[in-house]
Amino acid sequence: MKKINRDGANGSFMLDRREFIIAGLALAATSMLPNIAVAAPTKQPQMLARRKLGGTLEVSALGLGCMNFAWAYGPPTDRQHAIKVIRAAYERGVTFFDTAEVYGPFLSEEMVGEALAPIRDHVIIATKFGFEVDPITEQRRGLNSRPEYIKRVAEGCLKRLKTDTIDLFYQHRVDPNVPIEDVAGAVKDLIQEGKVRHFGLSEAGGATIRRAHAVLPVTAVQNECSVWTRDPEHEVLPTCEELGIGFVPWSPLGMGYLTGAITPSTPFDPQSDLRAGFPRFTPEARRANRPVVELLQRVGRRKDATSGQVALAWLLAKKPWIVPIPGTTKLNHLEENLGALKVQLSAKDVKEIDDGFASIQVQGARAPEALLAIHDIGANLGTSSAGGHGLSPLPRQDRKE
Ligand SMILES: NC(=O)c1ccc[n+]([C@@H]2O[C@H](COP(=O)([O-])OP(=O)(O)OC[C@H]3O[C@@H](n4cnc5c(N)ncnc54)[C@H](OP(=O)(O)O)[C@@H]3O)[C@@H](O)[C@H]2O)c1
């Protein structure tokens, strides 16, 4: 069949004639009915390049972060609007949706579940356990990855996501009270029961990833990574490459900063916007870090791309098993972010960004001390988890006590 090549998209933006027509019809139909449930198509229009996580889980090369509909950078979005944006992402070829029990809490999962229910079989839903949340008061009570708790959380996630299986179930943070082997064992049980398909870790370091992977293959690691947050390059990306694990960078747009839309005078509401308390987002740090945005804009001018698109294209160009999940609550931002798949960065462009970044001293830590303390990737240990065993204690029989 004749291929229509809309190339330039970091790999394949290939549609055959039939797929192209189906995709066009689907888009036309859904844009006329923006608030009505998206009917499940007989064939998923392959409008975006696909990538594989852990060699087996196929997803669109860019996913959609769904935290922001419920929490983090402002008050929750109107539910119908959130559903519309999530479905719009699907209509444009996104098949990978990221949420967590704690986003809201519960609210992000509810929105994702409702938005994707009519097209459940055509999408991959990733969610996360690991923070204890009181089901009645919704109060967050620190970390909890005890096996029995993971299993209880899974039941709640399945209900809110309106599904009978979670495609990718991540541990949100490594629990310093529970051996990672026990966590992997609990997820393994859930997989055997058909309630979960794949296992993931978030903010885990190399040592923890290796121990977990020895019990149950890890499909994806989700850590913060972007042009201005390079921590995973140290030990996590090499570990993923060695073990054949996919990598899902969170905050790939630097919580919005790399788009250039945030200036020293952008207001952050301390009641609802986490960035109000983040060292990198003080007005001084925002002013001092502007050269990072300018570097991306410089490369972008040659590619007819925005700085945010270059930031995403840079991650995509690093490895074919990296799948960024930019978060947005706005349709125009969604469109812009997906445009990153058309931005082709050469090895020379990537080097220009890396060399340029190396000469910039980023001001301000990526998170406040209390949050950094529960990251397992070495931030709290020095620069690496190598040589230790990560935050997670060793299983009982191996502990030297
Ligand atoms: N595993 C973890 O611990 C963890 C932690 C944090 C996040 N995550 C996941 O990762 C996803 C993405 O991370 P993130 O949301 O923290 O950061 P991000 O994707 O780097 O940036 C999101 C911010 O950028 C803004 N934005 C997005 N596209 C834009 C554009 N084209 N132009 C201007 N502004 C734009 C968004 O605002 P608008 O809504 O106005 O577009 C939002 O404030 C989350 O949604 C969540 O699913 C995981």
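Below or above, wherever it landed, is the structure these notes cover. (Residues numbered from 1 in each chain as written. Predicted model: local features only at pLDDT ≥ 70, side-chain atom pairs only at ≥ 80, totals over all residues.)

When its secondary structure is counted, the chain shows 13 helices and 13 strands. Classification of the 401 residues of the chain by burial places 49% in the buried group. (Helix = DSSP H or I, 4+ residues; strand = E, 2+ residues; numbered from the N terminus. Buried ≥ 20, exposed ≤ 12 C-beta atoms within 10 Å, placed from the backbone.)

For helix H4 (residues 147-160), built from 14 residues, the straight-helix expectation of 20 Å at 1.5 Å per residue is met to within 8% by its first-to-last C-alpha distance of 20 Å. Burial in H4 covers these residues: Ile 150, Val 153, Ala 154, Cys 157 and Arg 160. Taken down its axis, H4 places every buried residue within 130 degrees of arc, on the same side. Every exposed residue of H4 that faces more than 90 degrees away from the buried side is listed here: Glu 148 and Glu 155. Looking at the buried positions of H4, the neighbouring elements they touch are helix H3 (107-116), strand E7 (124-129), strand E10 (166-171), helix H5 (180-192) and strand E11 (196-202). Just past H4, the residue Lys 162 takes up positive phi, approximately 50 degrees. (Expected span 1.5 Å × (residues − 1). Arc of directions from axis to C-beta. Contact = placed C-beta atoms within 7 Å.)

Moving on, we get to unusual backbone geometry. Look at the link from Gly 104 to Pro 105: it is a cis peptide, with omega at 0 degrees. Within the element layout of this structure, Pro 105 appears in the loop between strand E6 (96-98) and H3. The backbone of Ser 251 shows a phi angle near 50 degrees, a positive value even though the residue is not glycine. Note that Ser 251 resides in the loop between strand E13 (246-247) and helix H8 (283-288). A residue is classified by how many C-beta atoms lie within 10 Å of it, and Ser 251, with 24 of them, is buried. At Asp 304, a residue that is not glycine, the phi angle is positive and equals roughly 60 degrees.

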